[in-house]
Amino acid sequence: MDTAAVNDRETIARLYRGLARIRRVEERVADIYPTDKIKSPIHLSIGQEAVAVGICDTLRADDIVSGTYRGHATYLAKGGDLPAMLAEMFGKVGGCARGKGGSMHLVGLEQGILGCSAVVGSNVPVAAGYSLALKRRGRGQVVAVFYGDGASEEGGVYETLNFAALHKLPILFVCENNFLAIHEPLTRRWAADQLTERVATFGMPARRIVSGDVFEIRAAAAELINGIRAGAGPAFLECHTYRWREHVGPAEDYAAGYRARTDLEAWQRKDQVARLAALLPDAARQSIDAEIAVEIDAAVRYAEESPFPALEELYDHVFA
Ligand SMILES: Cc1ncc(C[n+]2csc(CCOP(=O)(O)OP(=O)(O)O)c2C)c(N)n1
């Protein structure tokens, strides 16, 4: 089926802008990284953009997302502030966490972005708690929580799925299945690959999308979120995807021996940035690309010019 055909030009352009913007931002981050201007580790989502973009496109501005330490795409797709994201990585006071959190701890409460965490799976119960609060508030808001296939091995994730199903919480669980937890492929961690089927046993709609197709992800998310908003309780969406770069850092790591370059090539053939670029008229695509380039240059300048936090701030905002 041609999943693009049912979408209008405006939707395709909007999704392309979202995808290309994340791709170009992360490529710039990868370029800057060796200069040591970026003060934190970086976990790039290059290749995985379609998940965040497809899902966030269906959310309302007052909905909430919760991402992981690989959270640049989630943050940007939900409307996070790009200059504040880059300044955060530069350790500058203009950063979204005043430069103290770095790439793994992006946050944007005004845009509905809960703080991200480096502790694998830890955002999932927190996001469910937030969805319980939203349910009690009664304004029809929904949480979308993102986590990796590795995080799906954390006990707390299963406790959360059960609690959310039991209490019919307004939350969409999104597993970004890139088949890898650092250097350990899924096939060496599980005897079965029935991640979606396992979640379904908790008593919620559970779907899997293997194509990486942004239109398919968006359509599935829209359907599931409609149900959640109508009070049906949580839902789960597993999206197959692929991390093109190394686990942490800007480089490729296909020589490390834990995965094959042919896997990358298979995913690159269905790259959604290139696919949507080809669906747009040249002039429309070029003007989007030019706007993105200007926006990124300005954001890098902002990050460079923002000062480092003052020494007196060292113990501010420390919880305990
Ligand atoms: C509780 C916890 N256990 C282990 C780690 C070390 N660790 C960091 S990333 C990672 C892999 C997680 O893989 P996945 O959830 O699939 O996310 P991906 O990196 O593929 O996006 C692990 C085990 C950690 N940060 N936190």
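Anything mentioned here points back to the structure above.
Report on the accompanying structure. Position labels on residues start from 1 in each chain and follow its written sequence. The predicted origin of the model limits local features to residues at a pLDDT of at least 70 and limits the giving and counting of side-chain atom pairs to 80 or more, whereas totals for whole chains, interfaces and linings rest on all residues. No hydrogens and no water enter the side-chain calculation; it runs on all heavy atoms of the structure.

### A closer look at the packing of aromatic side chains
Point 1. Two aromatic rings from Phe, Tyr or Trp, using only the six-membered ring of Trp, form a pair when their centres are within 6.5 Å; if the ring planes differ by under 30 degrees the pair is stacked, by over 60 it is edge-to-face, and anything between is tilted. Tallied over the entire structure, the rule returns two aromatic pairs.
Point 2. Taken together, a centroid distance of 6.5 Å and an interplanar angle of 5 degrees make the contact between tyrosine 242 and tryptophan 267 stacked. Remark: tryptophan 267 occurs in helix 9 (residues 261–269) and tyrosine 242 occurs in the loop between strand 8 (235–240) and helix 9; sequence separation between them is 25 residues.
Point 3. Taking NZ or CZ as reference, arginine 198 lies 3.4 Å from the ring centre of tryptophan 190, over its face. Where helices and strands are cited, they refer to DSSP runs of H or I of at least four residues and of E of at least two residues respectively, numbered from the N terminus. Two limits define a charge over a ring: the Lys NZ or Arg CZ must be within 6 Å of the ring centre, and within 35 degrees of the ring normal.

### Digging into the pairing of strand 8
Point 1. Exposed residues in this analysis have more than 50% of their type's maximum accessible area, buried residues have under 20%, and partly exposed residues fall in between, with area computed by a 1.4 Å probe over protein chains only. When you tally the buried positions in strand 8, you get six out of six residues, the bulk of the element.
Point 2. Side-chain alternation along strand 8 places Ala235, Leu237 and Cys239 on one buried face and Phe236, Glu238 and His240 on a second face that is also buried.
Point 3. One ladder, built from six bridges, connects strand 4 (residues 171–177) with strand 8; its direction is parallel. Following the sheet pairing, asparagine 177 is matched in strand 8 by histidine 240.
Point 4. Inspection of the sheet shows strand 7 (residues 206–209) paired to strand 8 by four bridges, in the parallel sense. Here, a strand pair is defined by DSSP locating no fewer than two bridges between the strands.

### What about the pattern of salt bridges?
Point 1. By convention in these notes, a salt bridge is any Lys or Arg side-chain nitrogen within 4 Å of a carboxyl oxygen on Asp or Glu. Applying the stated rule across the entire model yields 24 salt bridges.
Point 2. Aspartate 149 is paired through a salt bridge with arginine 189; the nearest N and O atoms lie 2.8 Å apart. Here aspartate 149 is found in the loop between strand 3 (143–148) and helix 6 (155–166), whereas its partner arginine 189 is found in the loop between strand 6 (184–185) and helix 7 (195–200), with 40 residues between them in sequence.
Point 3. Judged by relative accessible area, aspartate 149 falls into the buried class, the value being 1%.
Point 4. Residue aspartate 213 pairs with arginine 275 through a salt bridge whose shortest N-O separation is 3.0 Å.

### Details of the site of the ligand
Point 1. Taken together, 15 residues are adjacent to the ligand, and Tyr69, Arg70, Gly150, Ala151 and Asn178 come closest.
Point 2. Any N or O atom pair separated by 3.5 Å or less is treated as a polar contact, with the protein-specific requirement of one donor-capable and one acceptor-capable atom, and with residues adjacent in sequence counted only for side-chain atom pairs. Between alanine 151 and the ligand, the recorded distance is 2.9 Å, taken from a backbone N or O atom to an oxygen atom.
Point 3. Within the contact set of the ligand, an oxygen atom lies 2.8 Å away from a side-chain nitrogen or oxygen of asparagine 178. Whether a residue is near a molecule or strand depends on its heavy atoms: it is near if one of them lies within 4 Å of it.

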